[in-house]
Amino acid sequence: MFIVFIAAILPAIVLIIHIYNRDKWQKEPPRQMFKAFVYGVASAMIVLLLPAFGMVTETPGTEISAQIGNAFKTAAIPEEMAKLFMLWLFLRRCKEFDEHMDAIVYAVCVGMGFAATENILYLFSNLQNWVGTGIIRALISVPAHFFFAIIMGYYYSLAHFRIGKSRVLDAVLTLLLPVIAHGIFDALLFVSAMSQDLAGILTLVFIIGFFFLRKFASSRVDKILETDRIYITRL
């Protein structure tokens, strides 16, 4: 059981270390990163409780439209809203939040806290095939949450440090873009699993989209690091 637990949280830890190493200018304190991770765990707990209060309901049926709707309303929207709420709750009193890159680092910690909790639930609910489930999720699902978190952190940082009308747009994109990316990600998986006729083409679309998402997230990190470099050199 301990091995399963480690396998569930290890991908999230590896990605947290990766984003920590990408932060070139002023590393965030590990204790604060761990705290943000715990906030991410709390965001997963919030999402788990929503159905119990009737706040998230799944649309029955096997129609493609139902699966796409479920991808957004039962996964993408509540999960990204919960993660953003906990990120805001953490950063509003975080004294270390003084660079653009900080929002990405802490957003990743929150996202990985969520992903690790989700991974634990998936692996322990499928103990007969936990190795296969763990590998697939380590290669696809956990990195996807990592990319969603980078996008969220990027626009959160812009909304925090900017002033004027662009700040409002950045604030909207902080939630909107992760929800869109997450919804499309899940919709492709849901529909592929439901329809054998569409599985082949949707799998190809999924692979292309996944690499585009990775490239876009990586470019956001590069851009925000350059923004911080320019700011630091002006001090």
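Refer to the structure above for everything that follows.
As the structure is a computational prediction, the values presented were derived from the model and not from experiment. Residue indices begin from 1 for each chain and proceed along its sequence in written order. Whole-chain, interface and lining totals are the exception, using all residues; otherwise, since this is a predicted model, local features are given only for residues with pLDDT of at least 70 and side-chain atom pairs are given and counted only at 80 or more. Only hydrogens and water are removed before side-chain values are computed, so all heavy atoms of the structure are retained for them.

1. Focus on the overall build of the protein
Here is step 1: Strands are runs of DSSP state E lasting at least two residues, helices are runs of H or I lasting at least four, and both sets are numbered from the N terminus onward. Of regular secondary structure, the protein possesses seven helices and zero strands.
Here is step 2: Along the first, second and third principal axes, the C-alpha atoms of the protein reach 60 × 45 × 35 Å.
Here is step 3: The buried label goes to any residue with under 20% of its type's maximum accessible area, the exposed label to any with over 50%, and the partly exposed label to all in between, with areas taken from a 1.4 Å probe on protein chains only. When burial is assessed residue by residue, the protein has 46% of its 235 residues classed as buried.
Here is step 4: Residue pairs in contact within the protein that sit at least 24 positions apart in sequence constitute 78% of those at least 6 positions apart. Between two residues, a contact is recorded if the distance between any of their heavy atoms is within 4.5 Å.

2. Remarks on the packing of helix α2 (residues 30-49) against helix α4 (residues 100-124)
Each packed pair of helices is defined by two parameters, the angle between the axes and the distance between the axes.
Here is step 1: Note on geometry: axes are C-alpha line fits, over the in-contact stretch for helices, and angles between N-to-C directions span 0 to 180 degrees. Between α2 and α4, the shortest axis-to-axis distance is 7 Å and the interhelical angle comes to 50°. It follows from the interaxial angle that α2 and α4 lie oblique. The chirality of how α2 crosses α4 is right-handed. On α4, the residues touching Q32, M33, A36, F37, Y39, G40, V41, S43, A44, M45, V47 and L48 of α2 are V105, Y106, C109, V110, M112, G113, F114, A116, T117 and L121. Roughly parallel here means an angle under 35 degrees, roughly antiparallel means over 145, roughly perpendicular means 65 to 115, and every remaining angle is called oblique. For a crossing to be left-handed, the near helix must be turned anticlockwise from the far one by less than a right angle; the clockwise case is right-handed.

3. Considerations on the side chain of D102
Here is step 1: Examined against the element boundaries, D102 turns out to sit in helix α4.
Here is step 2: Positive charges are assigned to Lys and Arg, negative charges to Asp and Glu, while His and the chain termini are left out of the count. Each salt bridge in this description consists of a side-chain nitrogen of Lys or Arg and a carboxyl oxygen of Asp or Glu lying within 4 Å of one another. Summary of buried charges: D102 has no salt-bridge partner, and the nearest side chain of opposite charge, K27, is 10 Å away.
Here is step 3: Contacts described as polar in this section are N or O atom pairs within 3.5 Å, which, within protein, must combine one atom able to donate a hydrogen with one able to accept it, while residues neighboring in sequence count only if both atoms come from side chains. Polar side-chain contacts of D102 include one of 3.0 Å to the backbone nitrogen of D98.
Here is step 4: Separated by 3.0 Å, the side chain of D102 and the backbone nitrogen of E99 make a polar contact.

4. Some remarks on the packing of α2 against helix α3 (residues 64-91)
Here is step 1: Contact geometry for α2 and α3: axes closest at 9 Å, N-to-C directions at 145°. Both α2 and α3 take part in a crossing whose hand is right-handed. Across the interface between the two elements, Q32, K35, A36, Y39, A42, S43, I46 and V47 from α2 touch P78, E79, A82, K83, F85, M86, L89 and F90 from α3.
Here is step 2: Throughout, the ten residues Ala, Val, Leu, Ile, Met, Phe, Trp, Tyr, Cys and Pro are labelled nonpolar, Asp, Glu, Lys and Arg are labelled charged, and all others, Gly among them, are labelled polar. Of the residues assigned to the contact of α2 with α3, the class counts are eleven nonpolar, two polar and three charged.

5. Points about the environment of A103
Here is step 1: Here A103 is to be found in helix α4.
Here is step 2: Overall, the relative accessible area of 0% leaves A103 in the buried class.
Here is step 3: Each C-alpha atom, one on A103 and one on A116, is 20 Å from the other, the two residues being 13 residues apart in sequence.
Here is step 4: Contact partners of A103, with chain neighbours within four places excluded, come to L91, F97, G153, Y156 and S157.

6. So, the environment of A44
Here is step 1: If you trace the backbone, A44 turns up in helix α2.
Here is step 2: Exposure remark for A44: the relative accessible area of 6% places this residue in the buried category.
Here is step 3: Through-space distance from the C-alpha of A44 to that of A115 is 8.0 Å; in sequence the pair is 71 residues apart.
Here is step 4: Non-local contacts of A44, meaning those with residues more than four positions away in its chain, are made with F114 and T117.

7. Concerning the packing of aromatic side chains
Here is step 1: Stacked, tilted and edge-to-face pairs are distinguished by plane angle, under 30 degrees for stacked and over 60 for edge-to-face with tilted covering the rest, among Phe, Tyr and Trp rings (Trp via its six-membered ring) whose centres lie within 6.5 Å. Summed over the entire model, instances satisfying the criterion amount to 13 aromatic pairs.
Here is step 2: Taken together, a centroid distance of 6.4 Å and an interplanar angle of 90° make the contact between F210 and F211 edge-to-face.
Here is step 3: When its relative accessible area of 53% is taken as the criterion, F211 is described as exposed.
Here is step 4: Three or more aromatic residues joined by ring pairs form one cluster here, namely F146, F147, F148, F185, F206, F210 and F211.
Here is step 5: Remark: a charge is flagged as sitting over a ring if the NZ atom of Lys or the CZ atom of Arg is within 6 Å of the ring centre and within 35 degrees of the ring normal. Lying across the ring of Y20, K27 places its NZ or CZ 4.9 Å from the centre.
Here is step 6: One Lys or Arg, R220, reaches over the ring of Y154 and ends 5.2 Å from the middle of that ring.

8. Focus: α3
Here is step 1: Here the expected length of a helix is defined as 1.5 Å per residue gap, with one fewer gap than residues. The terminal C-alpha atoms of α3 lie 39 Å apart, and with 28 residues this matches the ideal 40 Å at 1.5 Å per residue to within 8%.
Here is step 2: The largest bend in α3 amounts to roughly 30° and is located at A76, with the proline P78 lying one to four residues further along. For a residue, the bend is simply the angle between two axes, fitted respectively to the seven-residue segment ending there and the seven-residue segment starting there.

The values reported here are purely geometric and, on their own, carry no functional implication.
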